[in-house]
Amino acid sequence: MQLAEAQPFPFSFGLKSTALVIIDMQRDFIEPGGFGETLGNDVSLLQAIVPACQAVLEAWRRAGGLVVHTREAHKADLSDCPPAKRNRGNPALRIGDRGAMGRILVAGEPGNQIIPGLAPQRGEIAIDKPGKGAFYATGLHEQLQHVGITHLLFMGVTTEVCVQTSMREANDRGYDCLLLEDCTESYFPAFKTAAVAMMCAQGAIVGWTATSAQLLPALAALPAQPQHC
Ligand code: C5J
């Protein structure tokens, strides 16, 4: 497949060697009462991308592509949460504190679940990541290598934090990466604009960008594969 209109130049990829990586579409960031709101952010901005993410996920599943979901999540004893992360700033609640959706950013808590509309299905990879990047302390690189993945399509939140960090980590590990720009969002629109621009600047120094409208026709042309559920 080729996305001829991708920036800064056409992006070619094969379904079997590409994974769709969905970063941190968890209630903590998207619904009121979670980590995003405790930091003082307006979470409604992030809710706007959910329909576009659902359309891509549905088309990707239909084509039989590998899906990776991540959650920013810490162990209940916070042994994987450095004090430098927990104590920074002045949030209403800190990581591990109890909020409206359970303990903030702790694995297994209600707020830590991926939103129902994008919930992982059987056969998909779902990883808890203690850092901003999906490759730090997760074993994701080894899992992707094991199944021959060389290209990654990124969606999720937030653009300039966990999405950008993960895409940079992937780029350094040798993956060709593309960010679906209408399937990612920030609490700060200017940060999203800047992050999208800097990814594909300097001849795709981190990777490519494209829209879901450019990807979906390419996926629709593929034969549908049997679904797991
Ligand atoms: C943040 C994330 N923003 N998933 N996490 O702290 O981008």
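All values derive from a computational prediction rather than experimental measurement.

Taken across its 7 residues, strand E8 (residues 151-157) has 7 buried, putting it largely inside the fold. Bridging between E8 and strand E9 (residues 176-185) involves 6 bridges; their strand directions are parallel. Bridge pairing in E9 links Val157 to Glu185. Following the chain from E8 across helix H7 (residues 159-172) to the adjacent parallel E9, one finds a crossover that is right-handed.

Because the α-helix completes a turn every 3.6 residues, residues three or four places apart line up on one side. Within helix H9 (residues 212-220), the full set of buried residues consists of Ser212, Leu215, Ala218 and Leu219. Along H9, the residues classed as buried sweep out an arc of 130° about the axis, all on the same side. Summarising the geometry of H9, the exposed residues directed more than 90 degrees from the buried face are Ala213, Pro217 and Ala220. Looking at the buried residues of H9, the elements they touch are strand E1 (2-3), helix H4 (50-63), E8, E9 and strand E10 (208-210).

The subject of this paragraph is the side chain of Gln26. With respect to the element layout, Gln26 can be found in the loop between strand E3 (18-23) and helix H1 (27-30). Of the residues examined, Gln26 reaches a relative accessible area of 0% and is grouped as buried. A polar side-chain atom of Gln26 sits 2.8 Å from a polar atom in the side chain of Asp28.

So, about the site of the ligand. Around the ligand, the surrounding shell consists of Asp24, Phe29, Phe35, Glu72, Lys132, Val157, Thr158, Val161 and Cys162. Val157 is positioned with one of its backbone polar atoms (N or O) 3.2 Å from a nitrogen atom of the ligand. For the ligand, an oxygen atom lies 2.9 Å from a polar atom in the backbone of Thr158. Within the complex, 93% of the 230 Å² of free accessible area of the ligand lies under protein.

Bringing the pattern of salt bridges into the picture now. By the definition in use, this model includes 8 salt bridges. Put simply, Glu124 and Arg61 hold a salt bridge, and the shortest N to O gap is 2.6 Å. Taken together, the residues Glu124 in the loop between strand E6 (102-103) and strand E7 (125-129) and Arg61 in helix H4 connect sequence positions 63 residues apart. Across the pair, exposure class does not vary: Glu124 and Arg61 are buried alike. With its nearest N and O atoms 3.8 Å apart, the salt bridge here joins Glu185 to Lys192. Assessed through its relative accessible area of 16%, Lys192 is described here as buried. Taken together, the shared-partner salt bridges in this structure form one network comprising Glu72, Lys85 and Lys132.

Take Lys129: it is sitting in strand E7. Of the polar contacts made by the side chain of Lys129, one reaches the side chain of Asp24; its length is 2.8 Å. Here Lys129 is in contact with Ile23, Asp24, Thr70, Arg71, Glu72, Ala73, Ala134, Thr138 and Cys162, once residues within four sequence places are set aside.

Now for the nonpolar core. Met25 and Leu178 are the most contacted members of the largest nonpolar core, which totals 45 residues. With 8 residues, the single largest contributor to this core is H4. Residues contacting Leu178, with those up to four places away along its chain left out, are Leu3, Ala6, Phe11, Leu152, Leu153, Phe154, Met167, Trp208, Thr209 and Ala210. Core analysis: the second largest hydrophobic core is formed by 23 residues, Ile125, Ala134, Leu152 and Leu179 among them.

This part is about the sheet that holds E7. The strand order across the open sheet built from 6 strands is E7-E4-E3-E8-E9-E10, with neighbouring strands paired in parallel fashion. On the outer flanks of this sheet lie E7 and E10, each paired with one strand and no other. Mean inter-strand twist for the sheet, computed between neighbouring axes without regard to direction, equals 25°. Relative to E9, helix H8 (residues 189-204) is tilted by about 160°, and along the sheet it contacts E9 and E10.

About the cut-offs
Residues numbered from 1 in each chain as written. Predicted model: local features only at pLDDT ≥ 70, side-chain atom pairs only at ≥ 80, totals over all residues. Heavy atoms only, no water. Buried < 20%, exposed > 50% of the residue type's maximum accessible area, 1.4 Å probe, protein only. Helix = DSSP H or I, 4+ residues; strand = E, 2+ residues; numbered from the N terminus. Pairing = 2+ DSSP bridges. Right-handed = clockwise from strand over helix to strand, strands pointing away. Arc of directions from axis to C-beta. Contact = heavy atoms within 4.5 Å. Polar contact = N/O pair within 3.5 Å; in protein donor to acceptor, adjacent residues only side chain to side chain. Near = heavy atom within 4 Å. Areas by Shrake-Rupley, 256 points an atom, 1.4 Å probe, with all protein chains shown as cover. Salt bridge = Lys/Arg side-chain N within 4 Å of Asp/Glu carboxyl O. Core = buried A, V, L, I, M, F, W, Y, C linked by side-chain atoms within 4.5 Å. Axes fitted to C-alpha atoms, helices over the stretch in contact; angles between N-to-C directions.

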